[in-house]
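# A look at the structure
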Amino acid sequence: MLLDVLQGAEAGGFILIQDSVKCPGRGLLKCVINAALKRGEDVHVLGLESPESEVCTGLDRSCVQKLHFHKGFPDPFGWTCRSSFTVERFASQHITQLIKDTQQAKASVLVVDSLSLVLRHHDPLVFCQTLQELRKGGAIKTIIGLLHSDLHQQGVLGIMCYLASTVISVAPADIERLSVAKTTRRTKSGKVMQEEEYFSVCEDATLSVQAKPRQSGHVQKELDVSEADPTSNLTFNLRLSEEERRAKEKVALPFVFSQEKKSALLRPTPGSGRIMYEPDATDDFDEEDPDDDLDV
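Structure report, in brief. Per chain, residue numbering runs from 1 following the sequence as it is written. The model is predicted, so local features are restricted to residues of pLDDT at least 70 and side-chain atom pairs to those at 80 or more, both for listing and for counting; the totals for chains, interfaces and linings are taken over all residues. Computation of side-chain values covers all heavy atoms of the structure but excludes hydrogens and water.

## A short note on the pairing of strand β7 (residues 179-186)
For two strands to count as paired, DSSP must find a minimum of two bridges between them. Counting from the N terminus, the helices are DSSP H or I runs at least four residues long and the strands are E runs at least two residues long. Looking at chain direction, strand β6 (residues 166-172) and β7 are connected through seven bridges and run antiparallel. By the bridge assignment for β7, V170 is matched with A181. In sequence, β6 turns back onto β7 through a hairpin of six residues, with R177 there showing a positive phi of about 70°. As paired strands, β7 and strand β8 (residues 192-201) are joined by eight bridges and run antiparallel to one another. Paired with S179 across the bridge in β8 is F199. The turn joining β7 and β8, which pair antiparallel and follow one another in sequence, is formed by five residues; a positive phi near 100° is taken by G190.

## Structural notes on the packing of helix α4 (residues 92-100) against helix α6 (residues 124-136)
The geometry of α4 relative to α6 is characterised by a closest axis approach of 9 Å and an angle of 35° between their N-to-C directions. Classified by chirality, the crossing of α6 by α4 is right-handed. Packed against α4, whose contacting residues are S92, I95 and T96, the element α6 presents T130, E133 and L134 at the interface. Gly falls in the polar group here, along with every residue not listed as nonpolar (Ala, Val, Leu, Ile, Met, Phe, Trp, Tyr, Cys, Pro) or charged (Asp, Glu, Lys, Arg). Its residues placed into classes, the contact of α4 with α6 shows two nonpolar, three polar and one charged. Every axis in this analysis is a line fitted to C-alpha atoms, fitted for helices over the stretch in contact. Angles between the N-to-C directions lie between 0 and 180 degrees. Crossing handedness is read from the near helix: turned anticlockwise from the far helix by less than a right angle, it gives a left-handed crossing, and turned clockwise, a right-handed one. Working rule for contacts: check all heavy atoms of both residues, and any pair within 4.5 Å makes them a contact.

## Points about the state of the cysteines
By convention in this document, the label disulfide applies to cysteine sulfur atom pairs within 2.5 Å. A complete count under the given rule lists zero disulfides for this structure. The closest cysteine sulfur to the non-disulfide-bonded C202 is located on C31, 7.3 Å from its own sulfur. Any residue under 20% of the maximum accessible area for its type is buried, any over 50% is exposed, and the rest in between are partly exposed; the area is computed with a 1.4 Å probe on protein chains only. On the accessibility criterion, C202 (32% relative accessible area) is partly exposed.

## Thoughts on the nonpolar core
Counting residues in hydrophobic clusters, the biggest one holds 33 residues, and the most contacted among them are I33, V43 and L67. With eight residues, helix α2 (residues 26-38) is the largest single contributor of residues to this core. Ignoring sequence-local partners within four residues, the contact set of L67 consists of I33, L37, V43, V45, C56 and L59. Definition used in this section: a nonpolar core is a set of buried Ala, Val, Leu, Ile, Met, Phe, Trp, Tyr and Cys residues joined via side-chain atoms within 4.5 Å.

## Observations regarding the pairing of strand β3 (residues 67-71)
The element β3 is extensively covered by neighbouring structure, given that four of its five residues are classed as buried. Bridge count for strand β2 (residues 43-47) against β3 is five bridges, and the pairing is parallel. Within the sheet, the bridge partner assigned to V43 lies in β3 and is L67.

## What to know about the pattern of salt bridges
Salt bridge criterion: a side-chain nitrogen from Lys or Arg within 4 Å of a carboxyl oxygen from Asp or Glu. One pass over the structure, following the stated rule, counts five salt bridges. The salt bridge partner of E49 is R26, with a shortest N-O separation of 2.9 Å. Of this pair, E49 sits in the loop between β2 and α3 (52-56) while R26 sits in helix α2; the two residues are 23 residues apart in sequence, bridging distant segments of the chain. Look at E49 and you get partly exposed, because its relative accessible area is 25%. Two residues, E41 and R39, come together in a salt bridge whose shortest N-O distance is 3.9 Å.

## A closer look at the environment of H152
Mapped onto the fold, H152 is located in the loop between β5 (140-148) and α7 (154-163). Take H152: its relative accessible area is 14%, and that puts it in the buried class. Considering only alpha carbons, one finds H152 and S116, 36 residues apart in sequence, at a separation of 7.9 Å. Once residues lying within four places of it in the same chain are set aside, the contact partners of H152 are S116, L119, R120, L147 and L157. Polar contacts here mean pairs of N or O atoms no more than 3.5 Å apart (in protein, one a potential hydrogen donor and the other a potential acceptor; neighbouring residues in sequence count only if both atoms are side-chain atoms). At a separation of 2.9 Å, a polar atom in the side chain of H152 contacts the side chain of S116.

## Section: the sheet that holds β6
Spatial ordering of the open sheet is given by β3-β2-β4-β5-β1-β6-β7-β8-β9, a layout of nine strands whose pairing is mixed. Either end of the sheet is taken by a strand with one partner, and the two such strands are β3 and β9 (207-211). Here the strands of the sheet are splayed against their neighbours by 20° on average, with no regard to which way each runs. Pairing analysis gives five bridges linking β8 to β9, with the strands arranged antiparallel. Paired with Y198 across the strands is Q210, a residue of β9. Lying over the sheet, α2 contacts β1 (14-19), β2, β3, β4 (108-113), β5, β6, β8 and β9, oriented at roughly 165° with respect to β5.

Okay, here's the thing in structure tokens:
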């Protein structure tokens, strides 16, 4: 699925790369930039955390002229007036105008390096509105952002993942020189696909991807869990021995009638069905006809 993302299968979407201090994702971000340039895309990079020289190292020289780097490093807040783009200017009107001043007729790819620096100095709600406006403005076809997941609260991460059409979370692998990418992609129809793959970044900013091998031990562990006896670790016994089971079957339950008892209860007896009433001494009984004054 990583190769599908690099080949432009997510054109028109928002691709989010999540990394951490344990596994940086800037190498993967560079591979995405390189693949977009090779497809002939105009790529605009808001470089807030890395210098232009670092971003351009290893990129295909035959198409690197389509890369427009908007310098924000090492002065992302404009304190020394040495930056062409600052965190404060992260708004749809500023970014759209920045792209229109340099782009050709077709829409461009916008790369934000990184979203974390912007998020830490903008209200999350305003930030999300800006992303939505950029996606609908027409000047930008695809937005690609790097987010450092260990710098934000879970609520902020959840919002960003909800907005993204593709989320790539990178983590260290147990194999030398490889990392694990967990890619979650949501199609326009609402279908969600997910895949984990091993990858490595080459010096020429290309990606080497291989499927994550199945671990037989892990599968067996899942089977053991599904077949486990839930009563095995209890402090009391829920099972009966054979002798206890036979004794239980012989016990006559109080609410279960035998055939003999049913017959005795249902057998008719003399006088059954007749109602016998004996007046009590306190009963007010009048032998006269209560309706004798009626002319009937």
